[in-house]
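# Observations on the model geometry
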Amino acid sequence: MPSNPLLRQIPKVDELLRQPALLQQQYHHSVLLQAVRAELDSLRAKLIAGECNEVPSTECLSNAVLARANCLSTMSLRRVINATGIVLHTNLGRAPLSKSALQAVYDAASGYSTLEYDAEKGARGNRGEHIEPLLCELTGAQAAMAVNNNAAAILLTLSTLANNREIIVSRGELVEIGDSFRVPDIMEQSGGRLVEVGATNKTHLRDYVNAITDQTAVFLKVHTSNYKIIGFSGDVPLTELAKLGKQRNIPVVYDLGSGALLDEHAYPISIEPTVPQALRDGADIVTFSGDKLLGGPQAGIIVGSAECINRMKRSPLARALRLDKLSLAALEATLHLYRDPVQACKEIPALRMLFADIATLTEKAQLLCQKILDNCPGYTVEVVRQQRQAGGGSLPAQVFPTAAVAIAPYKITVTQLEQKLRAFETPIIARISENRLLLDVSTIDEHEFDLVAQGVANAL
Ligand SMILES: *Cc1c(COP(=O)(O)O)cnc(C)c1O
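Residues numbered from 1 in each chain as written. Predicted model: local features only at pLDDT ≥ 70, side-chain atom pairs only at ≥ 80, totals over all residues. Heavy atoms only, no water.

As recorded in an unreviewed UniProt entry, the protein chain goes by the name L-seryl-tRNA(Sec) selenium transferase, listed as coming from Hydrogenoanaerobacterium saccharovorans. Of the comments in the UniProt record for the protein chain, the one headed Subcellular location (unreviewed entry) reads "Cytoplasm". In its Function (unreviewed entry) section, the UniProt entry covering the protein chain states "Converts seryl-tRNA(Sec) to selenocysteinyl-tRNA(Sec) required for selenoprotein biosynthesis." (UniProt positions renumbered as here; feature names shortened; annotations may be inferred.)

### Overview of the layout of surface pockets
Rolled over the atoms, a probe as big as a water molecule pinpoints where empty space is left. Here the largest pocket defines a volume of roughly 1,200 Å³. Every residue lining the largest pocket is counted, 36 residues in all, and those nearest its centre are Pro96, Pro349, Met353, Thr443 and Glu448. Counting only elements with at least two residues in the lining of the largest pocket, the list comes to α5 (99-110), α16 (349-355) and α17 (358-375). Here the element with the most residues in the lining of the largest pocket is α17; it accounts for 4 residues. A class-by-class count of the residues in the lining of the largest pocket yields 14 nonpolar, 10 polar and 12 charged. When residues of the lining of the largest pocket are sorted by domain, at least three fall in each of domain 2 (81-89 + 354-459) and domain 3 (96-347). (1 Å grid on protein atoms, 1.4 Å probe; cavity = no way out; pocket = protein on both sides within 12 Å on 5 of 7 lines; lining within 4 Å. Points joined across faces, edges and corners; volume = space filled by probe spheres on them. Helix = DSSP H or I, 4+ residues; strand = E, 2+ residues; numbered from the N terminus. Nonpolar A, V, L, I, M, F, W, Y, C, P; charged D, E, K, R; others polar. Domains from an automatic or database assignment.)

### Brief notes about empty space enclosed by the protein
Overall, the coordinates contain 1 cavity of 30 Å³ or more when judged by the stated rule. Its boundaries defined by the atoms lining it, the largest cavity holds a volume of some 60 Å³. Around the largest cavity sit 11 residues that line it, and His223, Ser258, Glu272, Pro273 and Leu395 are the ones nearest its centre. Split by residue class, the lining of the largest cavity holds 5 nonpolar, 5 polar and 1 charged. Counting only domains with at least three residues in the lining of the largest cavity, you end up with domain 2 (81-89 + 354-459) and domain 3 (96-347).

Right, dumping it as structure tokens:
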């Protein structure tokens, strides 16, 4: 083996660990040990590969070790500042929770709770009871339950209703919901057999009629939430499919994806389809996410016919997919807010951010712009009008006007600026457009402005 004489100059692990610079730090021994080993391994690899032709000083190595130890000690799952303007950003955790939902999580998590306890009777209770009456009251459904997420809601629904029998679905609705999860794969996992009807762009009622056999268990309708087919296209309206379902005694399941809980007119802008409307249009079961337009925790909500939902509640899968107490607490608190729609739109952060008007956003952007200019004199920083989308597969055809702060760096490139902002302890996630960095204020809270302005100054 050709030995590299430099390799013999690499300090021993113990030697480096004894450096005062390392000993003075608060890190746990196991963290320092891991950092030292990683740093020395990396140095060895670089020397062997010829990417480095001297062994750095012990001081230099100690600093590198401290940087690694710092990295190992920070939370991997941590807060970021969302400057993208996408309110329901799936990669950034979708909907932030309202204050009352946070309080409910805190209360449920920090002590014991009535999770499955009926304090009045002093006997065992049911965890579904916390949310079912509220969901029924708000949507007009007969029955309701919540599971881990909407994918789980579809799985539980289809495995209960279809169980080895056929699920009829339009080809135009076999959607991929992101990160290559496809609705058809979930359907197959349920044990039901998928029967695709129609063409990608058009499906007629007769396509459903012709596909019915004695094995048909469910008509499934999927809201194509992350895209829209435009031009020569058409699907069968829910009302018609529901009518056929009633005639042939086949339940209609509607996967709404991003469920708007309130009636259309309760929102400041036109939002559809809504959960109450889908039920009125005759869907037997409607499923939707808790952390999209609802603005609550991750959850999958199932509302509709009591007969169907009671069967789901008894399924062994219901236990496997059930919601944990923290999400349940956040969901109940969020649902309470919906009793007053005006309050819901103000206090649920996702709704407040989505419906913020352009005048307010422009004012907000001017505030951030001034803070950045104060910190970075001499730079070209200005407020610009932009368009944004809701994200999270919600309202795909809708764009919202927004205001952003645009920054043109000159000592570094705009790509470097974007990377540096991401590298902070609290990463700032921004967008690049036409060689400028854009900070969309619709998703930045005002109390984060100082942090953003300082971050930008440090990066520039
Ligand atoms: C988002 C979405 C899902 C998945 O919901 P999760 O809560 O993320 O599991 C399923 N179907 C549709 C139509 C969606 O938009």
